[in-house]
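What follows is the residue order along each chain.
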Amino acid sequence: MSDHAPETPALTDDLAAAFQIDGWPVRGRLVRMGDAVDAVLSAHDYPEAVAAMLGEACALAALVGSSLKVEGRLIVQAQGDGPVRYVVADYDTDGSLRGFCRFDPEAVTQASTGFARPGAQTLLGQGVFIMTLDRGPDFERTQGVTPIEGESLSLCAEHYFQQSEQIPTRVKLAVGSVTTDAGTSWRAGGALIQVVAGDDARGSTEDVWERTQALFHTLADDELVDPTITPQTLLFRLFHEDGVRLENAHPLRAHCRCSQERIVGMLSAFPPEERADMAEPDGLIHVTCEYCAKIYAVSPDDVGAAET
């Protein structure tokens, strides 16, 4: 009998991980999502363009949030005056994700009449892109805000890092659907690279950064979402000549923090007479979670009892 415990199988899907190119002053991260993003996008009957934007937001939240060195929640959101009023996704450092979009169905249909899938600028219009770190009630939230620029959330993120943190960054996000015998489901992927600034010991990093970007730009959307391509294979295709390692892979899952207790707490903020008006013919207040679409039925009496 072997003295060694069996190795844990390497994660190949629903993961966020760092990667390192041997000897290069470049940081990288990779996200691949199947069931995790499908659960988020399938909770509502989103138009294809809206679902794709929310999938990008989820991938971006996982990319950035999984790099945090502290416990907390990374919230990615964008809001504007376009057909999509609001898109938000948040990543908790335990690997859980959730997100939703608020949109005008007719305006989205009108914006989606072309051959190409409409992007961020078309769907969101004039507005802002925001990233927020929430470390809980004992800490003040930190937030960065930049204008929405470009036709993808990846470009919004690149502008954010350049303006808010002065870190040259490239981001690639992709969302698509795959069809198997089990049916059609959503998938998403994302990759991020950042250059480490040169110093006296390291020297200039500009040439290496240019080479890294050139290789990174060859990454195709279908490679990021293809379930038959493992993360290791994907990175090897990009950087095989220089050696690349996937490190610290963490699992991702869809998880909403809604609960009966939270709903009761929210309703307790309304005066008793308003809560009475909210009750439907069955005598209960019905509340639908914006994120996961779960419906809660609450008695006004239960809300009153929770206040005492």
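Residues numbered from 1 in each chain as written. Predicted model: local features only at pLDDT ≥ 70, side-chain atom pairs only at ≥ 80, totals over all residues. Heavy atoms only, no water.

### Some details on the environment of proline 83
Basically, it comes down to this: Secondary structure follows DSSP: runs of H or I at least 4 residues long count as helices, runs of E at least 2 residues long count as strands, and numbering of each begins at the N terminus. Throughout, a residue-residue contact means that at least one pair of heavy atoms, one from each residue, lies within 4.5 Å.
Along the polypeptide, proline 83 turns up in the loop between strand E3 (73-80) and strand E4 (84-92). Residues proline 83 and proline 105 lie 22 residues apart in sequence; the distance between their C-alpha atoms is 7.6 Å. Setting aside anything within four residues of it in sequence, one finds proline 83 in contact with Phe103, Asp104, Ala107, Val108, Ala111, Thr122 and Leu123.

### Observations concerning the packing of aromatic side chains
This is how it is decided: Note on aromatic contacts: the rings of Phe and Tyr and the six-membered ring of Trp form a pair at centre separations within 6.5 Å, being stacked when their planes are under 30 degrees apart, edge-to-face when over 60 apart, and tilted otherwise. Buried means the residue's accessible area, taken with a 1.4 Å probe over protein chains only, is under 20% of the maximum for its type, while exposed means over 50%, and partly exposed covers the values in between.
Using the criterion set out here, one finds seven aromatic pairs in the structure. Both rings, one in tryptophan 24 and one in phenylalanine 239, keep their centres 6.3 Å apart while their planes meet at 75 degrees; by these two values the pair is edge-to-face. Here tryptophan 24, found in the loop between strand E1 (15-21) and strand E2 (26-33), pairs with phenylalanine 239, found in helix H8 (residues 231-239); they are 215 residues apart in sequence, far enough to count as distant. Each member of the pair, tryptophan 24 together with phenylalanine 239, is buried.

### Description of the pairing of strand E5 (residues 96-103)
Put simply, the rule is: Criterion used throughout: strands pair if DSSP finds at least two bridges between them.
In terms of residue burial, E5 counts as a mostly covered element, since six of its eight residues are buried. Between the end of E4 and the start of E5, which pair antiparallel, lie three residues, with glycine 95 showing a positive phi angle near 95 degrees. For E5 and strand E11 (residues 253-254), the ladder comprises two bridges, and the chain directions are parallel. Looking at the pairing, leucine 97 lines up with alanine 254 of E11.

### Considerations on the environment of methionine 131
Mapped onto the elements of the fold, methionine 131 is located in strand E6 (residues 127-134). A sequence separation of 26 residues divides methionine 131 from alanine 157, and the C-alpha atoms of the two residues are 8.9 Å apart. Apart from the residues lying within four places of it in its own chain, the contact partners of methionine 131 are Val64, Leu74, Ile75, Val76, Thr142, Gln143, Gly144, Tyr160 and Phe161.

### Observations regarding the sheet that holds strand E9 (residues 183-195)
The test is simple: Axis angles are defined between N-to-C directions and span 0 to 180 degrees, where every axis is a line fitted to C-alpha atoms and, for a helix, only to the segment in contact.
The strand order E8-E9-E2-E1-E10 describes an open sheet built from five strands, whose pairing is antiparallel. The strands lining the two open edges of the sheet, one partner per strand, are strand E8 (169-180) and strand E10 (244-251). Strand-to-strand twist in this sheet, taken as the mean axis angle between neighbours without regard to direction, amounts to 15 degrees. Strand direction decides the pairing type here: E8 and E9, joined by 12 bridges, are antiparallel. Following the sheet pairing, serine 177 is matched in E9 by tryptophan 186. On the sheet, helix H1 (residues 35-42) packs against E2, E8 and E9 and is oriented at approximately 115 degrees with respect to E9.

### Quick look at the layout of surface pockets
Counted only if it meets this: Here a cavity is any set of points on a 1 Å grid over the protein atoms alone where a 1.4 Å probe fits but cannot get out, and a pocket is any open set with protein on both sides within 12 Å along at least 5 of 7 lines; a residue lines the site when it has an atom within 4 Å of a point. Grid points are joined across faces, edges and corners, and a volume is the space filled by probe spheres set on the points. Here the term charged refers only to Asp, Glu, Lys and Arg, the term nonpolar to Ala, Val, Leu, Ile, Met, Phe, Trp, Tyr, Cys and Pro, and the term polar to all other amino acids, Gly among them.
Reported here for the largest pocket is a volume of approximately 570 Å³. Class assignment of the residues belonging to the lining of the largest pocket gives a composition of 12 nonpolar, 11 polar and five charged. Approximately 210 Å³ is the volume attributed to the second largest pocket. If you go around the second largest pocket, you meet 19 residues; those closest to its centre are Ala52, Glu56, Arg117, Leu173 and Val175. When residues of the lining of the second largest pocket are traced back to their parent elements, those giving at least two are helix H2 (48-65), helix H4 (120-124), E8 and helix H7 (221-225). Taken together, the residues that form the lining of the second largest pocket break down as 11 nonpolar, three polar and five charged.

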